[in-house]
Amino acid sequence: MPSLPPTPRAYKILAFFLRPILFAITRRDWRGAENLPARGFIAAANHVTEVDPVTLAHFLYDQGRAPKITAKASLFSVPVLGGILRRTGMIPVHRGTAGAAQSLVDATARLDEGECVVFFPEGTLTRDPDGWPMVGKTGAARLALASRAPVVPIAQWGAEQLLAPYGKVFKPIPPKHVAVHAGPPVDLSDLYDRPLDSATLREATERIMAAITRQLEEIRGAQAPAERFDMRKNPGSEGRR
């Protein structure tokens with residue numbers, strides 16, 4: 001088996017302090033580690049609460065991966081936090097600017113180095129009233145089709161009990177049950193040689209979101225709505241939950 005990429009020293013230091021805290025405030029249900037490639041893959045996950053990146057990183061780090069998470073570029077300007085993001089190799093996303101394509105260039109470089117790159121394809125916290133994955137954006141699909149890197153769908157549930165979506169009160173007591181399940185890579189192989197147009201990107205994106213949703217249905221023991229929530233059809237949902 002190929003060796004895993006080395007973990008940056010700053011990442012190890014951060015994990016040294018955070019993991020004991022996370023072990024104390026969560027009861028973890030980690031599944032699907034066998035579906036994680038050793039090198040060069042995209043982890044695509046649902047997004048319910050601002051705590052999701054931390055719990056997802058905890059799951060991946062426990063499996064020997066030091067994930068590189070795509071995050072809003074504005075976060076890299078926040079004192080202390082920005083320094084941590086840069087030193088741990090996270091990837092800034094410049095949405096709606098001339099530099100938007102740079103995040104895909106940076107993510108491709110990380111994949112070429114054998115790293116695990118994390119995308120939250122919804123692009124923001126889900127606006128679905130019951131927390132189900134909504135219609136995804138095409139960034140993860142574009143990266144997957146251009147790089148042909150495997151896309152592992154990951155569903156997580158329970159972190160919203162630590163911090164409600166758009167909530168202000170963190171609730172670590174009592175410890176919360178947090179489930180993170182990784183599924184088999186999404187099959188996009190029949191799309192590789194098609195033109196990288198909007199139809200192809202939408203098809204790939206929907207396959208990724210459908211795989212994440214199936215994982216979440218298993219965790220929750222419930223069925224997702226037949227129609228995925230779409231912010232384009234619900235413009236008033238932007239910034240509201």
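For clarity, every value in this text was computed on a predicted model and none was experimentally measured. (Residues numbered from 1 in each chain as written. Predicted model: local features only at pLDDT ≥ 70, side-chain atom pairs only at ≥ 80, totals over all residues. Heavy atoms only, no water.)

(A) Examining the overall build of the protein more closely. Within the protein one finds six helices and seven strands. Each helix and strand of the protein, ordered N terminal to C terminal, gives the series α-β-β-α-β-α-β-α-β-α-β-β-α. Taken against the 2.2 N^0.38 rule, which gives 18 Å for 241 residues, the C-alpha radius of gyration of the protein at 17 Å falls within 12% of a compact globule. Dimensions of the protein, computed from C-alpha atoms along their principal axes, come out at roughly 50 × 40 × 35 Å. A burial count over the protein gives 48% of its 241 residues as buried. A separation threshold of at least 6 residues defines the contact pool for the protein, and within that pool the share at least 24 residues apart is 75%. Carbon and sulfur atoms provide 57% of the accessible area of the protein, an area that totals close to 11900 Å². (Helix = DSSP H or I, 4+ residues; strand = E, 2+ residues; numbered from the N terminus. Rg over C-alpha atoms; globule rule 2.2 N^0.38 Å. Buried < 20%, exposed > 50% of the residue type's maximum accessible area, 1.4 Å probe, protein only. Contact = heavy atoms within 4.5 Å. Areas by Shrake-Rupley, 256 points an atom, 1.4 Å probe, with all protein chains shown as cover.)

(B) The arrangement of the pattern of salt bridges in detail. Under the defined criterion, the tally for this structure stands at nine salt bridges. For Asp 29, the salt bridge identified is with Arg 31, shortest N-O distance 2.8 Å. Between Arg 232 and Asp 230 there is a salt bridge, and its shortest N-O distance comes to 3.1 Å. In the salt-bridge network here, residues are joined through shared partners; they are Asp 190, Glu 203 and Arg 207. (Salt bridge = Lys/Arg side-chain N within 4 Å of Asp/Glu carboxyl O.)

(C) Main features of empty space enclosed by the protein. Under the definition given, this model contains one cavity of 30 Å³ or more. Of the voids in this model, the largest cavity is the one considered here, and its volume is about 70 Å³. Here the lining of the largest cavity is composed, by residue class, of six nonpolar, three polar and two charged. (1 Å grid on protein atoms, 1.4 Å probe; cavity = no way out; pocket = protein on both sides within 12 Å on 5 of 7 lines; lining within 4 Å. Points joined across faces, edges and corners; volume = space filled by probe spheres on them. Nonpolar A, V, L, I, M, F, W, Y, C, P; charged D, E, K, R; others polar.)

(D) Geometry of the sheet that holds strand β7 (residues 176-182). Strand order in the open sheet made by the seven strands is β1-β7-β6-β2-β5-β3-β4, with mixed pairing throughout. Strands with a single pairing partner mark the edges of an open sheet, and in this sheet they are β1 (26-31) and β4 (91-93). On average, adjacent strands in this sheet sit at an angle of 25° to one another, irrespective of strand direction. Two strands pair when backbone bridges link them, and β1 and β7 are joined in this way by six bridges, in the parallel orientation. By the bridge assignment for β7, Arg 28 is matched with Val 178. Along the sheet, helix α5 (residues 139-147) contacts β2 (41-45), β5 (116-119) and β6 (151-157); its crossing angle with β5, the most-contacted strand, is approximately 150°. (Pairing = 2+ DSSP bridges. Axes fitted to C-alpha atoms, helices over the stretch in contact; angles between N-to-C directions.)

(E) Seen up close, the nonpolar core. In this structure, Ile 42, Val 117, Leu 143, Val 151 and Leu 188 are the most contacted members of the largest nonpolar core, which totals 29 residues. No other element matches helix α6 (residues 198-220), which puts eight residues into this core. In contact with Ile 42, other than residues within four places in its own chain, are Leu 111, Val 117, Phe 119, Ala 140, Leu 143, Ala 144, Ala 149, Pro 150, Val 151 and Val 152. With 23 residues, the next largest nonpolar core counts Leu 36, Leu 56, Ile 154 and Ala 182 among its residues. (Core = buried A, V, L, I, M, F, W, Y, C linked by side-chain atoms within 4.5 Å.)

(F) Expanded view of the pairing of β7. Among the seven residues of β7, six are classified as buried, and the element is accordingly described as predominantly covered. Note that β6 and β7 share four bridges and pair antiparallel. Within the sheet, the bridge partner assigned to Ile 154 lies in β7 and is Ala 182.

(G) Highlighting unusual backbone geometry. Note that the residue after Ile 173, namely Pro 174, is joined by a cis bond; omega there is -5°. With respect to the helices and strands, the residue Pro 174 is situated in the loop between β6 and β7. Residues other than glycine seldom take positive phi values, yet Arg 148 does so here, at roughly 60°. Assignment of secondary structure puts Arg 148 in the loop between α5 and β6.

Geometric descriptors of this kind do not, in isolation, establish any biological role.
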